[in-house]
Amino acid sequence: VLLVEGAPYVGANDLARLLGATKFWRSDVRRLVLRAGAHRVTLTPDHSFVVVDDRTVRLPVPVVSRGGELQSPVALVDSLPRDETLPRLVFEARRGLVVRVPRGGLVRSPEVSADDRLTRVVFPAEVPEGATVVSRARAHFGVRMPGAFVGTLPESLPPRSLVRSIVSARAATGSAFEFEVDDRAAGFRVVRVPASGADASGAPTGGEVTLEFLRVRRPGIEDFAAEAHPAQGVRVIVLDPGHGGSDPGVRAGGSIEKDLTLSLARLVRGELVRRLPIQVVLTREDDRSLTTEQRAEAANHARADLVLSLHFDAVPGTQRSGATAWCPPARVGARDGPFSTRGPLELLPWREVALRHAVRSRAAAEAVLGAIDSAGAGPVRLRERLTCPLLGVNAPGMLLDCATLTATGDRVRVEDPRGLRRLAAAIARGVARWAERP
Ligand SMILES: [Zn+2]
């Protein structure tokens with residue numbers, strides 16, 4: 001979808017492809033006709049009237065021409081005929097895409113309510129019958145639905161909610177959601193209410209998928225999976241807030257990297273200790289300068305099982321946004337590299353000791369990036385390079401550029417305390433995942 005003066009548009013070529021339509025440009029009357037199945041849609045540049053078969057539909061904004069291609073307001077997709085010969089389209093505002101509606105129909109924004117007894121999450125769904133629970137663990141309770149999700153997830157949850165967070169997860173078809181459920185929840189129940197009617201366009205209405213999380217066990221409710229325990233060996237996580245003291249790091253807008261990294265590290269520590277029976281050590285607790293050696297020493301002295309060096313990116317003059325993880329490169333098979341197998345002794349310059357942990361570092365980075373992406377703070381990138389903050393660190397680790405401060409959306413998100421807390425929760429979720437099966 002392209003925004004023209006704030007209004008969403010879809011290109012005629014994309015529209016034709018989605019509908020399986022053939023395009024005819026009638027230059028005599030300056031009209032574009034799309035033929036699909038038994039139907040015909042006629043678009044006229046600079047007009048907000050579109051002819052659909054024999055009906056004239058008035059759209060809120062006119063059809064425009066950009067780069068030699070006609071662009072139709074996305075509102076058109078709601079006015080297309082609904083029958084077997086034409087795919088049903090929907091505008092997914094969240095992702096900025098027009099997509100074909102799958103057989104599973106649509107899933108809309110959930111409502112969350114909570115009292116002392118139970119927390120209820122209700123998703124309006126056109127085909128609720130296909131909803132399934134794919135993971136029963138409290139830490140990442142997963143639900144998959146056959147419909148395409150066209151809603152938004154709540155920014156905050158009610159105070160007594162047993163659900164701590166809801167994020168949308170990747171799904172090959174339909175949609176998937178991951179819930180973080182409080183330890184006090186004793187069980188859950190899924191209620192699927194079939195659609196009971198249809199709207200003017202024939203779409204089913206009244207269907208719902210309700211997830212209930214209850215504090216007290218009672219007949220008919222299901223158990224969560226046994227708690228996953230951190231793998232033996234994951235006891236200490238070191239968080240290294242980048243920069244500090246005389247070294248401010250990057251600045252963008254009103255943000256200074258050294259302050260953001262410290263605030264974020266404190267939040268990540270809180271989120272981690274809530275989830276895992278582990279110790280979390282910060283390389284600095286205040287605004288001070290540290291050398292690379294001091295940071296490595298702090299991590300090695302604490303006997304870190306994972307080191308996260310927290311940074312923010314700034315790339316002026318580009319469209320770059322989102323997060324990047326830098327982890328030590330794997331050098332498997334390198335004959336003269338640090339993993340040379342010629343002798344019983346493995347000699348590695350101390351500064352490159354982090355290379356030993358390349359494989360586990362990469363797994364941790366993938367888990368953390370996956371969680372950041374699911375929390376909507378992507379795009380995410382994984383790069384293999386031994387970066388300065390990991391020199392001398394004898395543990396799996398990564399440098400995480402948690403967001404790109406030159407991207408307005410990223411900066412607004414991390415400058416908002418709630419946004420920073422959500423980012424911290426995502427990072428902790430990723431670390432917890434890795435710690436359960438590193
Ligand atoms: Zn930095």
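Residues numbered from 1 in each chain as written. Predicted model: local features only at pLDDT ≥ 70, side-chain atom pairs only at ≥ 80, totals over all residues. Heavy atoms only, no water.

Draft legend 1. Quick peek at the overall build of the protein chain. Along the protein chain, the regular secondary structure elements total 6 helices and 31 strands. Expressed as lengths along the three principal axes of its C-alpha atoms, the size of the protein chain is roughly 80 × 60 × 50 Å. In the protein chain, the proportion of contacts linking residues at least 24 apart, taken out of those at least 6 apart, comes to 66%. About 21,400 Å² of surface is accessible on the protein chain, with carbon and sulfur atoms providing 49% of the total. In the protein chain, which carries 61 positive and 50 negative side-chain charges, the distance between the mean positions of the two groups comes to 2 Å. (Helix = DSSP H or I, 4+ residues; strand = E, 2+ residues; numbered from the N terminus. Contact = heavy atoms within 4.5 Å. Areas by Shrake-Rupley, 256 points an atom, 1.4 Å probe, with all protein chains shown as cover. Lys, Arg positive; Asp, Glu negative; His and termini not counted. Charge placed at Lys NZ, Arg CZ, Asp CG, Glu CD.)

Draft legend 2. Summary view of the packing of helix H4 (residues 358-374) against helix H6 (residues 417-436). It is the contact of H4 with H6, at a shortest axis distance of 7 Å, that shows an interaxial angle of 140 degrees. As summarised for this structure, H4 and H6 are arranged oblique, according to the angle between their axes. For H4 against H6, the interelement crossing comes out right-handed. Residue-level contacts link Arg360, Ala363, Ala364, Ala367, Val368, Ala371 and Ile372 of H4 to Leu423, Ala426, Ile427, Arg429, Gly430, Val431, Arg433 and Trp434 of H6. (Axes fitted to C-alpha atoms, helices over the stretch in contact; angles between N-to-C directions. Parallel < 35°, antiparallel > 145°, perpendicular 65-115°, else oblique. Left-handed = near helix turned anticlockwise from the far one by under 90°.)

Draft legend 3. How the structure looks around the packing of aromatic side chains. Considering all chains together, one arrives at 10 aromatic pairs under this definition. Taken together, a centroid distance of 4.8 Å and an interplanar angle of 70 degrees make the contact between Phe141 and Phe188 edge-to-face. Here Phe188 lies in strand S20 (residues 187-193) and Phe141 lies in strand S16 (residues 141-145), a separation of 47 residues in the sequence. Residue class for Phe188 comes out buried when judged on its relative accessible area of 1%. Here the aromatic rings of Phe149 and Phe177 are separated by 4.9 Å at their centres, their planes lie at 90 degrees, and the arrangement is edge-to-face. (Phe/Tyr/Trp six-rings, centres within 6.5 Å; stacked < 30°, edge-to-face > 60°. Buried < 20%, exposed > 50% of the residue type's maximum accessible area, 1.4 Å probe, protein only.)

Draft legend 4. View of the nonpolar core. Of all hydrophobic cores here, the largest spans 42 residues; its most connected members are Leu239, Leu264, Leu272, Phe312, Met398, Leu400 and Ile427. Tallying contributions element by element places H6 first for this core, with 9 residues. Every residue in contact with Leu264, bar those within four places of it in the chain, is listed here: Leu310, Phe312, Cys402, Leu420, Leu423, Ala424 and Ile427. (Core = buried A, V, L, I, M, F, W, Y, C linked by side-chain atoms within 4.5 Å.)

Draft legend 5. Highlighting the coordination of the zinc ion. Coordination of the zinc ion by the protein involves His243 (NE2), Glu257 (OE) and His311 (ND1), with metal-donor separations of 2.1 Å. Between consecutive donors of the zinc ion, the numbers of intervening residues give the motif H-x13-E-x53-H. Note that His243 is positioned in the loop between strand S24 (236-241) and strand S25 (251-252) and Glu257 in helix H2 (residues 257-275), a separation of 14 residues in sequence. (Donors = N, O, S within 2.8 Å, 3.2 Å for Na, K, Ca; no water.)

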